[in-house]
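Each chain is listed here by its residues.
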Amino acid sequence: MEVLLYLVPLALVLGALGLAAFLWSLKNGQYDDLDGAAWRAIADDEPAETSSTAAPPASAQH
Amino acid sequence: MHSTIDFSHFLKRSGPDRLRLDLAVDGICCAGCMAKIERNLSQIPDVTLARVNLTDRRLALEWKAGAVDPALFVLRLAELGYKAYPFEPAGAETREADLASALLRRLGVAAFAVMNVMMLSVPVWSGNVGDMLGEQRDFFHWLSALIVLPAAAYSAQPFFASACAALRARGVNMDVPISIGIVLALAMSLFETATHAEHAYFDAAIMLIAFLLAGRYLDQNVRRRTRAFAGNLAALKAETATKFITDEEIRTVPVAAIRPGDIVLLRPGERSAVDGAVLSGRSEIDQSLITGETRPTTAIAGSAVYAGTLVRSGALRVRVSAACEATLLSEISRLLENALQSRSRYLRLAERASRLYAPLVHATALLTMTGWLVAGATLHDSIVIAIAVLIITCPCALGLAIPAVQTVASGTLFGSGVLLNAGEAIERIAEVDRVIFDKTGTLTLPELDVANAASIPADVFDLAGRLALSSRHPVAAAVARAAGAKAPLPDIAEVPGQGVSGVVDGLDIRLGRPSWCGADEPANQILQDDPEASVVAFRHGLTRHVFAVRQRIRPDAANTVSALQRVGLTVEMLSGDREPAVRAAAETLGIHHWRAEVTPVDKIARIDELARHGHKVLMVGDGLNDAPALAGAHASMSPVTATHLSQSVAHAVFLGERLAPVQAAIAISRQAVRLMRQNLWLAVIYNALAVPLAMAGLVTPLIAAAAMSTSSLLVMLNALRARRQRKPA
C-alpha cells in the first residue's frame, strides 16, 4: 500500500498539469473561436503565418 | 469611398512597433472564406497576423506600425467580396465575454477536482463493503478534502455571491439552497472525516458545482454570441459622418469617433448619424424614421437635426450636440427609461420555478431532520440524512433545464434569421397573443422602389437609371437601384433644387422635378391615383416619362400577417404616418386593427392599455419613434435595418428583407418553452422518486451521484429536441 504514497500525488500532479494547460489555453483565447478551430484542423494548406504568435493575446481579443 | 475612412480611432498598439485592428466582416460563411481571407491578407508585406474568428465573423490584423495603410485591408476585402468595417466592442459585449470566460475557468477547476475526487472515491465506496482499513479510508477522505475545499471555494463563488445578494435584498433565489447545500455538505464531510466516519460527501458537493457551472456557462454563452453578432451588425451598418477637420478640409469618420461640439457636413441623400443644430445651409429633411411622418420639412440655420433624419435636397453644416448612442430626443429617452424599468419586473421561468422550489427544499430537509430526531435517531444521523436530502434535491436538472434549451433554441433561431438580444427573449416571445407592427421600415422595406416600372420601356429605364447614378437624392437613388444601373453617364451636371442633366447622342437629357422636365401633366395624374408616391420625371429629347417611387411592402408581409392570424394572434398596426398611407397598407395586408398619425407617447399608451386588459404584446418596429414602445412591450423585435437604439432595446433582431423570421421566432420560442416546461417536469419527477429515498436515509454518495448525473443527462438530451423545429412554410 505504500505505493499509494507515490501514485496518488503523481495522479494529482498530472491532473494539475492538465488543469494548468487548460487555464493557459483559456487565457490565450483558444476557446474564442471553436467553429474556426474545428475547420483549421482539416484545412489543406495552413495560411503562411509570418509570426509564431498564432493565437492573439486574450487581452487584445476583446 | 473606403479610402477616406479615418481609422485612427480603432487602431490599437499591440507591441512596441505593432498596430492592431479588428474588423467585423460580412459574408464569411465557411472555412473556405476563412482560408481565402487569411491567405490573401497575410501576403501583404509587413502584416504579421491575419486571423479570422469564424464564430464571431471577425478578423484580427496586426502589422508593423506605419508600414501599411489600414484602408488597404478594407479595400482588399472588398475585392475578395467581403464588406468589412472596423468596430469597437460595446461595453456590454466585453462584459459578457469576460463573464463567459470566468465561468469556463471555474468550470475547469471544478471538473479537475471532480475527476480526482472520483479517483479517490471509488476505492472508498468499494472498500467500505470490502476490506479497506479505517486509516486508509481516512487518508482518502483527507485527500478529498484537500482537493475539494479549495476547488469549491474558488469555483462556487458565483453561487455564493448571488445567494448573498438575494439574502441581502431579503429574497430567496435558486442559489440560496444551492449554497446552503454546498456549505453544509462540505462542513459535514469535514466533521465526518475528522470523526473517522464511513461516508463523506465531498464528491457529491463538487459534482453539484460542476454541473451547475456547466448550466450557467451555456446560458452565458448564448448571450455572449448574440452580443458579438449584434456588435458586428452595428459596425457593418457603417454609420459614418463627414467631419470638418478645419473650415475647409473634411474627412469621413466613423460615428463612434464623433464628439459633441464637432462640426459635420450633411449632404443630400445622407442620413444624419448625429443630433445637432444647423449652422448654415438649407435643405428639406425627412424625419420619417423619428416621427413616422413621410412628408419632408425644411431645415435652415438654427433648426435642430436628429439622428436618423434623411437630408433630401441641400447640404447642411451641423454642430453636433450628441453623437453615437446619446443621440435621442430627450422625451424618447425618458419614455425609454420608464419602459425599461417596468420590464425589469418580469420574472423568468427559471426564477419563478426556483421561487417555489427553494422554500420547498428547505422545508423538506428540515422536516426530514426533525422527523428522524422524533423517531429517535441521533442528532448526527439526522443531520447527515437532511444533507443527503439537500444534495439529492439539488436543482441540477433545474439549473440545466432552461439554459440548455435556450442554447439549442437560440441556434435554431439564428438559422431562421433571428438574433436574440436578451436572455428572457424566448420566454417572452412565446407568451405573446398580439402583434403590433410599425409601418414604415417594418412592414415596408426601408428603401424606396419604383412602383410603375412595368409601364416604362426598358431602354428608357436603363438610361434614366444611369443618369440617376449621378444624383444622391433618395428618389433618384431608387430609380438607379431599380434599373440595376452600374455605369454613370459622363459629363452630368447637377442643377440645385431641380435635378441632374447632360447630353446624350446630341440630345438634352434630364432627370428631376416634373416641371423642370416639362412633364407636369403625367406627374399630376400619378399623384392623383397614388397620393403616397413621390415622382421624378425623365426627359430625353422628346420622350418624357414619370417614375412613381414609393416604399414597397416587404415581399412576404401579407403571408406572414395571415399566418400569424391563423395561429390565433391579433395583428395590429400603429404608424406615425398619415391616414391614407396607413389605410392602404392595412387593406393590402389584411390588418383590421390600425391607427395612423400615432406619436411615440400614443404607442406606449396603446401598449399599456392592452397590457391592462391582460394582453401580451409583441412590438415589431424599427424607428427611433418606436424605441420606447419596443422597450415597453412584453416582447419586441427589430429588423436589422433599424436604428441602433431600436435594435439595442429590442429582445430580438431579424435579418433579411422578409418578415417570415417574426413568425419563425414565435413558433420556435413556443416550442422551446414547451421543452423548458417538460424539463422542469422531468426534474420534478426525478425529485419525487429520489427525495423519499433520501428521506428514508437510504442514499449513499454513490446513489446521489448517479441520480444527479442521470437527471442532468436526461434534461440535456431533451433540450436537443429544440433543434428539430420544422421551418414554417
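This text gives an overview of the structure that appears in the document. (Residues numbered from 1 in each chain as written. Chains lettered and ligands numbered in written order. Predicted model: local features only at pLDDT ≥ 70, side-chain atom pairs only at ≥ 80, totals over all residues. Heavy atoms only, no water.)

1. Side note on the overall build of chain B
For clarity, the threshold we go by: We count a stretch as a helix when DSSP gives it H or I for four or more residues in a row; a strand needs E for two or more, and each element gets its number in order from the N terminus. Per-residue accessibility, obtained with a 1.4 Å probe over protein chains only, is compared with the maximum for each type, and a residue is labelled buried under 20%, exposed over 50%, and partly exposed between these values. The contact criterion used is simple: two residues touch if any of their non-hydrogen atoms lie within 4.5 Å. Two residue types count as positive, namely Lys and Arg, and two as negative, namely Asp and Glu; His and chain ends fall outside the count. We put the charge of a Lys on NZ, of an Arg on CZ, of an Asp on CG and of a Glu on CD.
A tally of helices and strands in chain B yields 25 helices and 27 strands. Overall size of chain B, expressed as C-alpha extent along the three principal axes, is 110 × 65 × 45 Å. Buried positions account for 54% of the 729 residues belonging to chain B. A sequence separation of at least 24 residues applies to 69% of the contacts in chain B between residues at least 6 apart. Charged side chains of chain B number 71 positive and 67 negative; the gap between the two group centres comes to 2 Å.

2. Brief notes about the environment of B:Ala377
Mapped onto the secondary structure, B:Ala377 falls in the loop between α10 (349–374) and α11 (379–392). Owing to a relative accessible area of 22%, B:Ala377 belongs among the partly exposed residues under this scheme.

3. As for the sheet that holds strand β13 (residues 310–311) of chain B
The strands that make up a sheet are held in pairs by hydrogen bonds between backbone atoms, and each pair lies either parallel or antiparallel. To be explicit about the condition: In short, DSSP must find at least two bridges between two strands for them to pair.
What the three strands build is an open sheet, ordered β11-β10-β13 (chain B); its pairing is antiparallel. In the strand order of this sheet, the two ends are held by β11 (297–299) and β13 of chain B, each with one partner.

4. What about the sheet that holds strand β22 (residues 543–553) of chain B?
Residue and element names in this part refer to chain B. What counts, and what does not: Axis geometry follows a simple rule: fit a line to the C-alpha atoms, using only the stretch in contact for helices, then measure angles between N-to-C directions, giving values from 0 to 180 degrees.
Strand order across the open sheet formed by six strands is β17-β22-β21-β20-β19-β18, with antiparallel pairing between neighbours. Edge positions in the sheet fall to β17 (444–450) and β18 (493–495), since each of these pairs with one other strand and no more. The sheet shows a mean angle of 20° between the axes of neighbouring strands, taken without regard to direction. Where strand β19 (residues 499–504) lies against strand β20 (residues 507–512), six bridges are found, and the strand directions are antiparallel.

5. A short note on the packing of helix α19 (residues 557–566) of chain B against helix α24 (residues 660–695) of chain B
The description of two helices packed together rests on the angle between their axes and the distance between the axes. Residue and element names in this part refer to chain B. Just so we agree on the cut-off: Geometric relationships in this document are graded by angle, where less than 35 degrees denotes roughly parallel, more than 145 denotes roughly antiparallel, 65 to 115 denotes roughly perpendicular, and other angles denote oblique. Each residue is assigned to one class: nonpolar for Ala, Val, Leu, Ile, Met, Phe, Trp, Tyr, Cys and Pro, charged for Asp, Glu, Lys and Arg, and polar for all the others, Gly among them.
As a packed pair, α19 and α24 sit with axes 8 Å apart at the nearest point and diverge in direction by 25°. Taken together, α19 and α24 sit at an angle that is classed as roughly parallel. Together, Thr560, Ala563 and Leu564 of α19 and Ala660, Gln663 and Ile666 of α24 make up the contact between the two elements. Its residues assigned to classes, the contact of α19 with α24 comprises four nonpolar, two polar and no charged.

6. Points about the pairing of strand β3 (residues 47–53) of chain B
All names here are of chain B. Across the seven residues of β3, six count as buried, placing the element largely inside the fold. Direction of pairing for β3 relative to strand β4 (residues 58–64): antiparallel, over a ladder of six bridges. Looking at β4, one finds that Val52 is bridged to Leu59.

7. Here's the deal with the environment of B:Leu23
Residues and elements named next belong to chain B. On the secondary structure map, Leu23 appears in strand β2 (residues 18–26). Counting along the chain gives 29 residues from Leu23 to Val52, while the straight-line C-alpha distance between them is 9.4 Å. Apart from residues no more than four positions distant in its own chain, Leu23 is found in contact with Arg57, Arg58, Leu59, Leu61, Phe73, Val74, Leu77, Ala84, Tyr85, Pro86 and Phe87.

8. What to know about the pattern of salt bridges
Residue and element names in this part refer to chain B. Heads up, the rule is: The term salt bridge refers to a side-chain nitrogen of Lys or Arg lying within 4 Å of a carboxyl oxygen of Asp or Glu.
One pass over the full model with this rule turns up 20 salt bridges over all chains. Asp262 is the salt-bridge partner of Lys243, the closest N and O atoms lying 3.7 Å from each other. Residue Lys243 is found in strand β6 (residues 240–244), and its partner Asp262 is found in the loop between β7 (250–254) and β8 (263–266); the two are separated by 19 residues along the sequence. With a relative accessible area of 16%, Asp262 lands in the buried category.

9. Digging into the packing of aromatic side chains
Two measures describe an aromatic ring pair: the distance that separates the ring centres and the angle between the ring planes. Residues and elements named next belong to chain B. Defined as follows: Aromatic rings from Phe, Tyr and Trp, with only the six-membered ring used for Trp, were paired whenever their centres fell within 6.5 Å, and each pair was classed as stacked if the ring planes differed by under 30 degrees, edge-to-face if by over 60, and tilted otherwise. Charge-over-ring contacts are defined here by two conditions on Lys NZ or Arg CZ: a distance within 6 Å of the ring centre and an angle within 35 degrees of the ring normal.
Tallied over the entire structure, the rule returns four aromatic pairs over all chains. For the ring pair Trp63 and Phe73, a centre distance of 4.9 Å and an interplane angle of 55° mean the geometry is tilted. Taken together, the residues span a long stretch of sequence, with Trp63 in strand β4 and Phe73 in helix α2 (residues 71–80) at a distance of ten residues. For the pair formed by Trp63 and Phe73, the shared burial category is buried. Over the ring of Tyr154 we find Arg106; its NZ or CZ atom is 4.8 Å from the centre of that ring. Of note, Arg317 hangs over the ring of Phe244, and the distance from its end group to the ring centre comes to 4.4 Å.

10. A few points about the nonpolar core
Grouped burial of nonpolar side chains is what soluble globular proteins tend to show. Residues and elements named next belong to chain B. Heads up, the rule is: We call a set of buried residues a nonpolar core when its members are Ala, Val, Leu, Ile, Met, Phe, Trp, Tyr or Cys and they connect through side-chain atoms within 4.5 Å of each other.
With 116 residues, the main nonpolar core has Ile209, Phe437, Leu618 and Met637 as its most contacted residues. Of the residues forming this core, the biggest block, 14 residues, is contributed by α24. Other than its neighbours up to four places away in sequence, Leu618 contacts Val432, Arg434, Val435, Ile436, Ala635, Ser636, Met637, Val662 and Ile666. Among the nonpolar cores identified, the runner-up in size contains 27 residues, and Met34, Ile44, Val52 and Ala71 belong to it.

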